[in-house]
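Listed here are the chains, written in short residue letters.
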Amino acid sequence: MKIAVVGGGPGGLYFASLVKQFEPGYEITVWERNAPLDTFGFGVVFSDQTLSGIRVSDPSIYEEMSKEFAYWDDIDIHYRDEVLTSGGHGFAAMSRTNLLAILQRRAIDNGVNVLFNTQAPPIKELMADYDLVLASDGINSSTRETFKEEFGTTVDFRKCKFIWLGTPVVYEAFKFFIVDTPWGTMQAHAYPMDSHSSTFIVEMHEDIWRRAGFEEMADAAADLPIGESDEPSIARIEEIFKDYLGGQPLLTNNSRWVNFRAFRNATWAHENLVILGDAAHTAHFAIGSGTKLAMEGSISLAACLLEHRDVAKALAAYDQERRPVVESTQRSAQAALEWFEEITQYVDQDPIQFAFNLLTRSRRITYGNLRERDPQFMERVDVWFLQNQIAEGKVPADTTPRPPMFMPFRMRGLELPNRVVVSAMDMYSAENGVPGEFHLVHLGARALGGAGLVMTEMVCTSADGRITPGCGGLWTDAQTLAWAKIVDFVHTTPSKIGVQLGHAGRKGSTKLMWDGIDQPLPNGNWPLIAPSPLPYQSINQVPREMTRADMDAVKAEFVEATERAAAAGFDLLELHAAHGYLLSSFLTPISNKRTDEYGGSVENRLRFPLEVFDAVRAAWPKDRPMSVRVSATDWVDEGLSGEDSIEIARAFAEHGADIIDVSTGQTAANARPAYGRTYQTPFADRIRNISKVATMAVGSISSWDDINTIIAAGRADLCALGRPHLYDPAWTLHATADQEYRIPWPKQYAAGSRKPPAGRTEDPKPRLSLVEKEVAPERPRRWLVN
């Protein structure tokens, strides 16, 4: 086989060496346009996992590399005059120059033809002359650019500027230096790379970069020859970070400011061409180096080629095997880089919480993972968190230490036993808006399963406000009584129950979900209203634009439903202003095109939802809390901005909302959400830490470890889970078992006892109780509501 490798960086060299080692008869040529040890950058970082793969694949290279490694176990976070240390992280680094020297020697010794100072022939000629062409030509890959349509290339330009530097100071650990400057927060990522120097990467949001005057310096440096550095910027950096440089100058190597670019490709192969390393994918340095990914990719590609022999099959196997790993890494890197982009929202956190937040930024390190790595550090986190929650009045003063998810949470007169919420999930199983035995079992089982708060589905305020014919409601006495039965049962457990009130707006009059989600009814439709006469989809009914009289009528319906919810004994009321339903459609510009005082600016679009909120808050008992569910983004370019969501959340909080339930999307049929683990939590995080209002995180939260991490890091106060509770009604109880924590079970919930409905002063009907009674002979013995 004839193999051409374009680019003599670590990825290309290592692949060539591995293949040649196992197949000496293969003809492999590497073209490198630079001299042997020409390189930009400083140190490269490897995790224990990466090193294990290298050790197995090529013990000789591993042995040579290990002689050059600077190892560390600790991460030090320098923040507000404190140094917080976390151990157990296990990384190694070495200089990029030394790594290249080792890989070059190994490849040449194995018989690879390495051509330095040589430009590769045109890529299409190589594809015609060689069986396989590997392009590892870096982040500015001309190969990827030539075939960007075939590869499906996308690039995301990020908001931070960074500059790659070095220092003669040899740090004993990985260092994060967080510096508060007159222009804003700046950070440096620093780590040892050999016995006489360390890598020193400075990063800041581009707004801060401009305020600090770096833009003018960078513009002046733009015309410098390749290889020269932006010396004026470096001089200012030395002054800003002088406390951490020990009087030493910074080292440079073509050091200039750049924005991080996240490259992704739908496929890495085209015919007999494959791209690898930064040419194929980039990941922010906040979680590791591109070199690490490139060398891991080399191992995988070489293994697939040696196993399948056929190039097409090998490349298909490589993409199938490697892509999930790379995409997972890119998701983690994205979370980490976004955390640093938004670092200013955390600078008022206590140092120990800030350190925990930083360490868990990528979601790869979690509460439980850190407890295994460094129990002493996590003991500090737990002690601080408990003391902080007591000081803020969120938990009783006698609360004992426990995992964060099992901390109580107080809002007004309500105290939740823990931070786990059963998310509101539409069941489409009501009859004429009346919940039945299904709802009793569905919600009751989750309450028995230990969740702190159980939320109903969206309960509609009128028949015309339903999404489907199967939606629950609160506009009749029968509905009120049926919900009261469910509330009574939940109150026989320590769990609390909340009602979510909403009006479907333009998304109403559709089929049951399993018959066709968002599909219009074939017959029996009811009229729809919305802020503007725009259908949700072209197939849906065109709603009527609401008049002032319509608004008054809808507000009155919300007030009546609120009074019924209070009478039924619900502990919390949530106003549904998300997912494209009526109140949500006022908030987002994609469905609100009004030109009066209810459309246009965020302030105007908030006007009617706030009117409804104020009316509901006035009708809802003062000692019971209220939540508002919002969609923090529409996932379309012309939709809600991040600033809009902050303003919306702040407005509801100022009007009396106790917590904001932060969801996203479902407002536009053409939305493209960036799904992934805990993908909506950053929106709750941002609202909580900028608007200074309690938040509930929801969306692909599925592990107790994630909940503990989210709560302890201050990203949200409660976590709502939907699908995990459908899979396992006792999810919370099983989480206690997994963590070896025993939930205190108050005496009033012992077998045979029950707790009266909280706050109910006037029942809509005579008192409700659960009794076991014999029914008609043809039906089995069962529990009934008397």
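Residues numbered from 1 in each chain as written. Predicted model: local features only at pLDDT ≥ 70, side-chain atom pairs only at ≥ 80, totals over all residues. Heavy atoms only, no water.

Trainee: Report on the domain arrangement of the chain, specifying residues and quantitative values.
Mentor: Each assigned domain of the chain is listed with its residue range as follows: domain 1 (1-339) and domain 2 (414-750). Distance between the C-alpha centres of domain 1 and domain 2: 44 Å. (Domains from an automatic or database assignment.)

Trainee: Summarise the environment of Leu721; cite the residues concerned and give the values.
Mentor: The residue Leu721 is located in strand S28 (residues 718-721) in this model. Classification of Leu721 as buried rests on a relative accessible area of 0%. Sequence separation between Leu721 and Val422 is 299 residues, and the spatial gap between their C-alpha atoms is 5.4 Å. (Helix = DSSP H or I, 4+ residues; strand = E, 2+ residues; numbered from the N terminus. Buried < 20%, exposed > 50% of the residue type's maximum accessible area, 1.4 Å probe, protein only.)

Trainee: Tell me about the environment of Arg544, and name the residues and values.
Mentor: Checked against the element boundaries, Arg544 lands in strand S23 (residues 544-545). For Arg544, a relative accessible area of 45% gives the class partly exposed. Among all residues touching Arg544, those that are not within four sequence positions of it are Leu528, Ile529, Ala530 and Asp550. A distance of 2.5 Å separates a polar atom in the side chain of Arg544 from a polar atom in the side chain of Asp550. (Contact = heavy atoms within 4.5 Å. Polar contact = N/O pair within 3.5 Å; in protein donor to acceptor, adjacent residues only side chain to side chain.)

Trainee: For the packing of aromatic side chains, give the residues involved together with the corresponding values.
Mentor: In total, this model carries 34 aromatic pairs according to the counting rule given. Between the aromatic rings of Trp635 and Phe683, the centroid separation amounts to 5.6 Å while the plane-to-plane angle is 85°, which identifies the pairing as edge-to-face. Taken together, the residues span a long stretch of sequence, with Trp635 in the loop between strand S25 (626-631) and helix H22 (642-654) and Phe683 in helix H23 (residues 681-691) at a distance of 48 residues. A relative accessible area of 19% means that Trp635 is categorised as buried. (Phe/Tyr/Trp six-rings, centres within 6.5 Å; stacked < 30°, edge-to-face > 60°.)

Trainee: Tell me about the pairing of strand S24 (residues 572-577), and please be specific about residues and values.
Mentor: Along any regular strand, the residues point their side chains to alternate faces of the sheet. Of all six residues in S24, six are buried, a share of seventy percent or more. Taking every second residue as pointing to the same face, both faces of S24 are buried, with Leu572, Glu574 and His576 on one and Leu573, Leu575 and Ala577 on the other. Sheet analysis places strand S21 (residues 496-502) next to S24, joined by four bridges and oriented parallel. Counterpart to Gln500 in the pairing with S24 is Glu574. (Pairing = 2+ DSSP bridges.)

Trainee: If you had to explain empty space enclosed by the protein to someone new, which residues and values would you point to?
Mentor: For the structure on display, the rule yields four cavities of 30 Å³ or more. There is about 70 Å³ of room inside the largest cavity. Lining the largest cavity are Ala577, Ser584, Leu587, Thr588, Val630, Ser631, Asp634, Leu640, Ser645, Ile648 and Thr667. Every element with two or more residues in the lining of the largest cavity is listed here: helix H20 (582-587), S25 and H22. (1 Å grid on protein atoms, 1.4 Å probe; cavity = no way out; pocket = protein on both sides within 12 Å on 5 of 7 lines; lining within 4 Å. Points joined across faces, edges and corners; volume = space filled by probe spheres on them.)

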